[in-house]
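Here's the letter readout for the chains.
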Amino acid sequence: MKVLMVQGTTSDAGKSTLVAGLCRVFSDLNVKTAPFKPQNMALNSAVTDDGGEIGRAQALQAVAARQKTRVDFNPILLKPNSDTGAQVIIHGKALSNMEADTYHDYKKVAMDAVLVSHQRLATEFDLLLVEGAGSPAEINLRENDLANMGYAEAVDCPVIIIADIDKGGVFAHLVGTLALLSETEQARVKGFVINRFRGDIALLQSGLDWLEDKTNKPVLGVLPYIHDLALDAEDAISIENKTGTVQLKIAVIVLPHISNHTDFDALRLHPNVDLQYVGIFESLPNCDLVILPGSKNVIGDLTHLKYNKWPAQINRHLRYGGKLLGICGGFQMLGHTIFDPNGVESSTPKTKGLALADFETELTESKTLTQIAGTSALHAVSFNGYEIHCGHSTGAALRQPAFYIDDYDKDKGIVKKPDGFVSDDNQIMGTYIHGLFDSPQISHLLFDWINPAHGIKAGFDLNRHREEQLDQLADSLRANLDMQKIQQIIGMTHESR
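Residues numbered from 1 in each chain as written. Predicted model: local features only at pLDDT ≥ 70, side-chain atom pairs only at ≥ 80, totals over all residues. Heavy atoms only, no water.

Just to check I follow, could you spell out unusual backbone geometry for this structure?
Backbone phi values are negative for most residues with the exception of glycine, while trans is the configuration of most peptide bonds. Even without a glycine there, the phi angle at Arg 66 is positive, about 60 degrees. Structurally, the position occupied by Arg 66 is in the loop between helix 2 (56-65) and strand 6 (76-80). Its identity is not glycine, yet Asp 156 carries a phi of approximately 60 degrees, on the positive side. In this fold, Asp 156 is placed in the loop between helix 4 (149-155) and strand 10 (159-164). We classify Asp 156 as exposed; its relative accessible area is 57%. (Helix = DSSP H or I, 4+ residues; strand = E, 2+ residues; numbered from the N terminus. Buried < 20%, exposed > 50% of the residue type's maximum accessible area, 1.4 Å probe, protein only.)

I would appreciate a short explanation of the packing of helix 1 (residues 15-28) against helix 14 (residues 483-490) in the present structure.
Working note: a packed helix pair is described by the angle between its axes plus the distance between those axes. Where helix 1 meets helix 14, the axes come as close as 13 Å, and the angle between the chain directions of the two elements is 90 degrees. The orientation of helix 1 relative to helix 14 falls into the category roughly perpendicular. Residues Leu 22, Val 25 and Phe 26 of helix 1 form the contact with helix 14, whose participating residues are Met 483, Gln 487 and Ile 490. Considering only residue class, the contact of helix 1 with helix 14 consists of five nonpolar, one polar and no charged. (Axes fitted to C-alpha atoms, helices over the stretch in contact; angles between N-to-C directions. Parallel < 35°, antiparallel > 145°, perpendicular 65-115°, else oblique. Contact = heavy atoms within 4.5 Å. Nonpolar A, V, L, I, M, F, W, Y, C, P; charged D, E, K, R; others polar.)

It is not clear to me how helix 3 (residues 100-122) should be interpreted in this structure. Could you clarify?
Each α-helix turn comprises 3.6 residues. Residues three or four places apart therefore point the same way. Taking 1.5 Å per residue as the helical rise, helix 3 with its 23 residues ought to reach 33 Å, and the 31 Å between its terminal C-alpha atoms agrees with that figure. Along its length, helix 3 shows its largest kink, about 50 degrees, at Lys 107. Looking only at helix 3, the buried set comprises Tyr 103, Tyr 106, Lys 107, Ala 110, Met 111, Ala 113, Val 114, Ser 117, His 118 and Leu 121. (Expected span 1.5 Å × (residues − 1). Bend = angle between axes of the 7 residues up to and from the residue.)

Is there a simple way to think about the pattern of salt bridges in this case?
Pairs can form between side chains of opposite charge whenever their charged atoms are close. By the definition in use, this model includes 24 salt bridges. Measuring nitrogen to oxygen at the nearest pair gives 3.0 Å for the salt bridge that ties Arg 198 to Asp 166. One end of the pair, Arg 198, is in the loop between strand 11 (189-197) and helix 7 (205-215); the other, Asp 166, is in the loop between strand 10 and helix 5 (170-179), with 32 residues separating them in the sequence. A residue is classified by how much of its surface remains accessible, and Asp 166, at 38% relative accessible area, is partly exposed. As a salt-bridge pair, Asp 232 and Arg 466 come within 3.0 Å of each other at their nearest N and O atoms. With Asp 232 in the loop between strand 12 (219-224) and strand 13 (248-254) and Arg 466 in helix 13 (residues 462-480), this residue pair connects regions lying 234 residues apart in the sequence. Overall, the relative accessible area of 11% leaves Arg 466 in the buried class. (Salt bridge = Lys/Arg side-chain N within 4 Å of Asp/Glu carboxyl O.)

Would you mind showing me how to read helix 14 here?
Every buried residue of helix 14 is accounted for by Met 483, Ile 486, Gln 487, Ile 489 and Ile 490. Buried positions in helix 14, seen along its axis, are confined to an arc of 155 degrees and lie on one side of it. A positive phi of about 95 degrees marks Gly 491, the residue just after helix 14. (Arc of directions from axis to C-beta.)

Is there a simple way to think about the side chain of Asp 438 in this case?
With respect to the helices and strands, Asp 438 occurs in the loop between strand 26 (428-431) and helix 12 (440-450). For the buried Asp 438, which has no salt bridge, the nearest side chain bearing the opposite charge is Arg 466, at an N-O separation of 4.6 Å. When residues no more than four places from it in sequence are discounted, the contact partners of Asp 438 are Thr 262, Asp 263, Ala 266, Phe 460, Asp 461 and Leu 462. (Lys, Arg positive; Asp, Glu negative; His and termini not counted.)

Could you clarify how one ought to interpret the pairing of strand 21 (residues 360-376) in this entry?
Regular strands show a simple pattern: their side chains alternate between the two faces of the sheet. Across three bridges, the pairing between strand 19 (residues 337-339) and strand 21 is parallel. If you follow Ile 338 over to strand 21, its bridge partner there is Thr 361. With twelve bridges connecting them, strand 21 and strand 22 (residues 382-394) associate as antiparallel partners. The residue bridging Ile 372 from the neighbouring strand is Gly 385, located in strand 22. (Pairing = 2+ DSSP bridges.)

Where do I start with the side chain of Thr 337 in this structure?
Within the secondary structure layout, Thr 337 lies in strand 19. Dropping the residues within four chain positions of it, Thr 337 is found in contact with Lys 350, Thr 351, Gly 353, Phe 359, Glu 360 and Thr 361.

As structure tokens, then:
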């Protein structure tokens, strides 16, 4: 198996996007390609086809490579649940919560898991495109590194470094990063990519010549700023709204530990929907629907909501006829009580919810991770989504479910398992299902629930849009990268393709 690693001078330099684009380019060449990220830290995750959990970027890269998702694409996933701690997920399954200093000591064990995944992929794929994390020049994180050069040295693979010129200081970023690497690591770097360039490339040429003379490394390409590129975000929330004639206004509350905010990409990109992300210290604008999203720390985020007077704002919204949707952790907040007897998220064993529906939730150490197919309870519209949560909810409100999930019973075959609820007054809905708005059919049904007079003719097909965006990205890479040189770096000859 051939391996190429993409590292960046900073977070958000474009590593995820470059790897995704290269996955599509090599897939188009009929090279059996897999994405890989040894260690990822993100609250946006995806449920894999083999029943585990990986970072959202690796799931996107798998789509780009036209491969089913699997836990080996991201063997170590860290999901922060505080400023100093995170849930540690190994090969798709939660191991435990660890503080940063404890995990630093655990890295040697984690590297074993990384190399096991690498070896498994090596038996099946022709090419592994690897994404680093942050920057390889973080001096304080170099010991026992498994996310950047530690991995590259362990598997002996070439590296290219990408930097974002739109941030400014691109030459300092590249030269400084290279200077902070060891001699063997510097030798491993085979070239640079400059990302998000705007303007006349001729005005950049003298800088590119200087960079190549200074480092004796080639510039493999300058990628333009693609203004309309919209792919699944892993960390920062994408706030750009693609609006035309606005017929629905939707507000998503940005919880301190908001997770899986890609749930709302289809809304953000819909031309007839004005989607606003509202910070926890802000006031709720006039809108048709308020969404309480998923959270990696439900009890902590619920405490923040109460402290910042959000219950009063939500109740006022409901009094004036607005709708409220809770998804996953946001759904759990809607009930009377959240129990945490095993300290999964908090040292407080019992916390009062928003008491907007008659049910309660108990957080459990085991996590539900599953891709699902289901139907709407009201109109039997089919859809696909996924569940990723700790906890189980019970209570009278759930006797009026919002959805039914296809579940397998060894005696009865496929049975319909109820999910969530719709309130008696039809103003509040709760569900554990992520990805509801990705399907045009179910999103249009939800638009009808929000406001039957919305006038929107169709939902937004996020899956088709994602494919179009990946093809656009691949076209840009082919036009602006020296792909022949990159194939030489990988060790791919014309015959090997």
